[in-house]
Amino acid sequence: MKTLGIIFGNLHDKDVGELTAVRSLASVPFGGRFRLIDFVLSNMVNSGITKVGVITKNNYQSLMDHVGSGKHWDLSRKNGGLIILPPYGGGDKDLYSHRLGAIKNIESFIRHCDEDYVVFSDCDNVCNMNFASVVSSHIQNHADITLVTRSKNLTNNKPRTIVETDGNGRVVKVTNTNKASGENIVFANTFVMNRKFLLNLLDTATELGYTSFTHDILATGCNRYNIYAYMQDGYFANIDSLSNYYKHSLELLDKNIRDELFYRDGANIYTKVRDSAPARVGSDAKITNSLIADGCDIQGEVTGSILFRGVKIAKGAKVTNSIIFQDAVIGENSSLNCVVADKQVVVLDGRTLSGHETHPYFISKHAVI
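This one's a predicted model, so the numbers in the text were calculated from it and none came from an experiment. (Residues numbered from 1 in each chain as written. Predicted model: local features only at pLDDT ≥ 70, side-chain atom pairs only at ≥ 80, totals over all residues. Heavy atoms only, no water.)

(A) Focus on the pattern of salt bridges. Taken as a whole and assessed by the stated rule, the structure comprises 13 salt bridges. For Asp 114, the salt bridge is made with Lys 2, and the minimal N-O distance between the two is 3.1 Å. With Asp 114 in the loop between helix 4 (107-111) and strand 6 (117-122) and Lys 2 in the segment before strand 1 (3-8), the pair connects residues that are 112 residues apart, well separated along the chain. Under the relative-accessibility criterion, Asp 114 is labelled partly exposed at 46%. (Salt bridge = Lys/Arg side-chain N within 4 Å of Asp/Glu carboxyl O. Helix = DSSP H or I, 4+ residues; strand = E, 2+ residues; numbered from the N terminus. Buried < 20%, exposed > 50% of the residue type's maximum accessible area, 1.4 Å probe, protein only.)

(B) Quick peek at the packing of aromatic side chains. Taken as a whole and judged by the stated rule, the model has 13 aromatic pairs. Measuring from ring centre to ring centre gives 6.3 Å for Tyr 245 and Phe 325, while their planes differ by 75°; the resulting arrangement is edge-to-face. A residue pair is termed long-range when its members are at least 10 positions apart, and Tyr 245 in helix 8 (residues 242-250) and Phe 325 in the loop between strand 22 (323-324) and strand 23 (329-330) qualify at 80 residues. Here Tyr 245 falls in the buried class, since its relative accessible area comes to 0%. Look at Phe 325 and you get buried, because its relative accessible area is 0%. A connected cluster of aromatic rings, assembled from ring pairs, spans Phe 30, Phe 34, Phe 39, Tyr 245, Phe 262, Tyr 263, Phe 308 and Phe 325. Sitting over the ring of Phe 34, Arg 33 keeps its end group 5.6 Å from the ring centre. Its end group placed over the ring of Phe 8, Arg 99 keeps NZ or CZ at 5.0 Å from the ring centre. (Phe/Tyr/Trp six-rings, centres within 6.5 Å; stacked < 30°, edge-to-face > 60°. Lys NZ or Arg CZ within 6 Å of the ring centre and 35° of its normal.)

Below, the structure written as structure tokens:
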């Protein structure tokens, strides 16, 4: 079964505006060495998908620098491989603002592909998922659309797409609401379609003026189309706010979660390789329950934190429950607690900065404090 992979690289940038001011959501750093796109890209490669298109919109220079030709994911190929799909790729197409518009913008690309099935996924799903199993379920159910779903305890007022199924997994109702609470089955923004069905659907959407994938296709199509749900188990994190980014990042300090995410069933997560020197830890330094990337220089104290490549922690500095991006410098006798510091930040000597677990203090890229 030949399958095409499509990744939405910018669809939810506004949800994490602090981190996406200078980059796309797909290229947001995560876990000390990775970018968000690494997870879905690795999942596709591990599932045997060898042609992957990444839909971009803006701020995608860092994304292109990161993925390059796709060789780190074995996607540097003469046929297929990794394809960046920039905005306005359709000539007279408008810049999209929603999922359906993004798909319409790459319609010509999809028409020129010969794969039988298309897997669509957002870039902000941090999980280790076997897409081959999703496609197999899609084929077995003779489905037109298969939605990847997960069980989630809803506690905030953010809009969620709630999915209801019958006893056989067929979707009977789809609702987008911000009023749901408690345990619900939610759409994980990953789905599979037959390519020919998708093209016919795009023609229909154009004729009828559809503007929303959720409202116009899923919510109203339960009786018209064979829509099935595929329940995803295991660790799953959706990065839809700075506080969630902070929370799910620090969950990686739990070895069980790291093993579930990075090595589930032998499927690894890949990223761009950098040849850096090992981390240097001074004789008076103290590191407790933290992830330290290569190239770091630690002379102070680091507790319950994640440090990306090349971070420098000076003597007497204390970094607690914080996330420090690449090449940041924390000065002598400074104290950071519940802080997210973007790339190349400089915190001068003797500074004290503190946020809260539910509202971390954010320092923008290149800032000097």
